[in-house]
Amino acid sequence: MKMLERLIEKIIFASRWMLAPLYLGLALALVPILFRFFDAFWHMITHLTDLTTGEVTLEVLELLDTVLLANLIIIVLFAGYENFVSKMAIAEGSEDRPHWMGHVDFSGLKIKLIGSLVAISVIELLKDFMQEGTFDAKREGWRIGIHMTFVVSGVLFALMDMMADRHKSQR
């Protein structure tokens, strides 16, 4: 019976490697994001003389949005892989290793994730408010509601983590 238990545990422990292709897929998802960034950048540069200052600002906000999305993918990729699959030995001792890498647990990953979503949501709202033309109050109301849901969720996640940390330290 002990041998069967050990075999089951080995299989379960090894099953974490089934996540590795998913993380490779996330890494590959950076390719279309990279393309989208340079496509938007090229559009902005080639039309610079035709754009107003407000339009340039909107174009730059689009670039920021794309960069934040790419950063979000990297955070999930690094933290998820290190927390759930394996430590990245190749990054050990590298001067380029992000300071948070290897230190972000699942709780920290949630906070970073919600923080990134809030930042992306803010940029989307700012782009909407800066655009000229008709203003759809119902649509914007929904977008603000969704943004506030992200904000409140982030605050609640942070409070839950604070309470959990306080509970751990009292033991």
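Residues numbered from 1 in each chain as written. Predicted model: local features only at pLDDT ≥ 70, side-chain atom pairs only at ≥ 80, totals over all residues. Heavy atoms only, no water.

Colleague: Where do I start with the overall build of the chain in this structure?
Modeller: A tally of helices and strands in the chain yields five helices and zero strands. Tracing the chain from N to C terminus, the helices and strands come up as α-α-α-α-α. The C-alpha radius of gyration of the chain comes to 21 Å, more than 25% above the 16 Å expected for a compact globule of 171 residues. Across its three principal directions, the C-alpha atoms of the chain cover 75 × 35 × 30 Å. Residue pairs at least 24 apart in sequence account for 66% of intrachain contacts in the chain once pairs closer than 6 positions are excluded. Averaging the positions of the 16 positive and the 20 negative side-chain charges in the chain gives two centres separated by 14 Å. (Helix = DSSP H or I, 4+ residues; strand = E, 2+ residues; numbered from the N terminus. Rg over C-alpha atoms; globule rule 2.2 N^0.38 Å. Contact = heavy atoms within 4.5 Å. Lys, Arg positive; Asp, Glu negative; His and termini not counted. Charge placed at Lys NZ, Arg CZ, Asp CG, Glu CD.)

Colleague: Whenever I open this one, helix 2 (residues 20-46) confuses me. Can you help?
Modeller: For an α-helix the count is 3.6 residues per turn, leaving residues at separations of three or four pointing the same way. A rise of 1.5 Å per residue sets the reference length of helix 2, with its 27 residues, at 39 Å; its end C-alpha atoms lie 40 Å apart and thus fit the reference within 8%. When helix 2 is considered as a whole, its buried residues turn out to be Ala20, Tyr23, Ile33, Ala40 and Met44. Residues of helix 2 that are buried in the fold lie against helix 3 (53-84). (Expected span 1.5 Å × (residues − 1). Buried < 20%, exposed > 50% of the residue type's maximum accessible area, 1.4 Å probe, protein only.)

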